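One-letter residues, chain by chain:
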Amino acid sequence: MRAFVGSSPTVALCTSLQENEKGTNGLDKLVLRGPLSSSAEIYLHGGHITSWKNNYREELLFVSNKAIFKPPKAIRGGISICFPRFGTHGFLEQHGFAANRTWSIDTDPPSLPSDSSSTTFVDLILKPSEGDLKFWPHSFELRLRITLTLKGDLKVISRIRNTNANGKLFSFTLAYYSYFLVSDISEVRVEGLETMDYLDNLKGNERFTEQGDALTFESEVDRIYLSTQNRIAIIDHQKRRTIVLHKEGLPDAVVWNPWDKKAKAITDFGRDEYKRMICIEGAAVEKPITLKPGEEWKGSQEFFSVRSSYNSGELDPQKVHS
Ligand code: TA6
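Rules of the game
- Residues numbered from 1 in each chain as written.
- Predicted model: local features only at pLDDT ≥ 70, side-chain atom pairs only at ≥ 80, totals over all residues.
- Heavy atoms only, no water.
- Helix = DSSP H or I, 4+ residues; strand = E, 2+ residues; numbered from the N terminus.
- Contact = heavy atoms within 4.5 Å.
- Polar contact = N/O pair within 3.5 Å; in protein donor to acceptor, adjacent residues only side chain to side chain.
- Near = heavy atom within 4 Å.
- Nonpolar A, V, L, I, M, F, W, Y, C, P; charged D, E, K, R; others polar.
- Disulfide = S-S within 2.5 Å.
- Buried < 20%, exposed > 50% of the residue type's maximum accessible area, 1.4 Å probe, protein only.

Asker: A description of the overall build of the protein chain should follow, citing residues and the corresponding values.
Answerer: Secondary structure assignment for the protein chain yields three helices and 20 strands. Pairs at least 24 apart in sequence give 65% of the contacts found in the protein chain among residues at least 6 apart.

Asker: So, the side chain of D252: which residues are in play, and what are the values?
Answerer: Mapped onto the elements of the fold, D252 is located in strand β18 (residues 252–257). A distance of 3.0 Å separates a polar side-chain atom of D252 from the backbone nitrogen of S227. What D252 contacts, discounting residues up to four positions off in sequence, is I224, Y225, L226, S227, T228, K247, E281, G282, A283, A284, V285 and E286.

Asker: Hey, could you go over the site of the ligand for me, with residue numbers and the actual values?
Answerer: As a matter of local geometry, the ligand sits amid R76, F86, Q94, H95, Y177, N201, D222, V254, W256 and E281. At a separation of 2.7 Å, an oxygen atom of the ligand approaches a polar side-chain atom of Y177. For the ligand, an oxygen atom lies 3.3 Å from a polar atom in the side chain of E281. Its residues placed into classes, the shell around the ligand shows four nonpolar, three polar and three charged.

Asker: Account for the state of the cysteines, with residues named and values stated.
Answerer: By the definition in use, this model includes zero disulfides. Sulfur of C82: no disulfide; nearest cysteine sulfur belongs to C279 and is 9.3 Å away. Its relative accessible area of 1% is what places C82 among the buried residues.

Asker: Provide a residue-level description of the side chain of S300, including the pertinent values.
Answerer: Inspection of the secondary structure puts S300 in strand β20 (residues 296–306). What makes S300 buried here is its relative accessible area of 8%. S300 has contacts with V156, I157, Y176, H246, K247, E248 and L250, leaving out every residue within four places of it along the chain.

What follows is the structure in structure tokens.
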């Protein structure tokens with residue numbers, strides 16, 4: 001099946017995705033090739049991005065060696081969308097069900113302002129099944145546009161429309177559940193969350209205030225930073241690389257590393273893999289988003305990889321881009 005990928009008007013020819021490949025366990029996988037040598041791999045199971053390689057062909061996402069590519073179990077790693085709930089909420093699976101369902105390629109997406117730089121992109125869509133409606137009785141259209149830019153940056157735009165015919169509004173929380181590959185978690189610093197308030201999931205979700213300098217990691221961390229600034233940097237000294245996240249419409253940020261004890265309890269996670277990953281994700285958790293029928297919410301997260309691990313508060317990837 002040939003899937004169509006779009007590109008910005010400045011790039012006359014639309015390049016098409018490679019054939020819809022068969023990935024692990026024969027699951028449908030799309031390969032998106034950027035205008036230069038970047039790439040992304042996306043499974044229709046979960047609308048799950050399992051690889052993002054920059055123009056230097058460096059892999060930037062973590063996927064567990066023990067990930068189970070068998071629906072409905074979500075793939076452990078990469079980037080997926082927690083919807084309609086982040087976290088545990090009664091009968092809903094942990095982090096909702098969007099990452100547990102099979103998505104489709106959206107061949108007729110409502111238009112989006114095209115990017116200024118040349119890009120290639122693919123559009124995915126998820127609508128609720130009859131089974132989902134039993135758990136969460138709301139009709140919705142969840143769209144993802146996954147884009148690679150000329151510079152090898154990844155951009156994920158999510159749109160959620162309330163398509164209830166019964167006039168009912170609905171509220172949801174959401175997170176871009178993102179696992180980044182790092183050389184050694186004890187060598188990683190995170191800038192951009194200094195002095196922010198956070199809810200600590202390890203202390204009964206009590207509210208604390210972050211200290212005044214970059215985050216470093218010596219043990220399990222499981223926090224939701226609230227109403228943060230939109231730019232967060234993951235600085236990896238050993239790889240001499242910084243991954244910069246720029247989020248829009250996602251006021252909060254989740255930071256998670258299971259460390260050794262919790263890692264052992266996660267069946268689809270290698271016991272030492274916590275050393276090579278960090279989850280940092282734009283989210284809308286503290287204040288659920290409410291949509292009336294016909295209304296649409298849009299959020300996005302851009303991911304830049306910068307070949308430097310300098311210690312600075314002024315991270316402008318455009319100036320120091322790889
Ligand atoms: O994103 C952080 C978190 O909510 C942690 O609390 C931890 O539970 C993690 O998700 C793992 O959730 P999962 O359902 O993917 O095993």
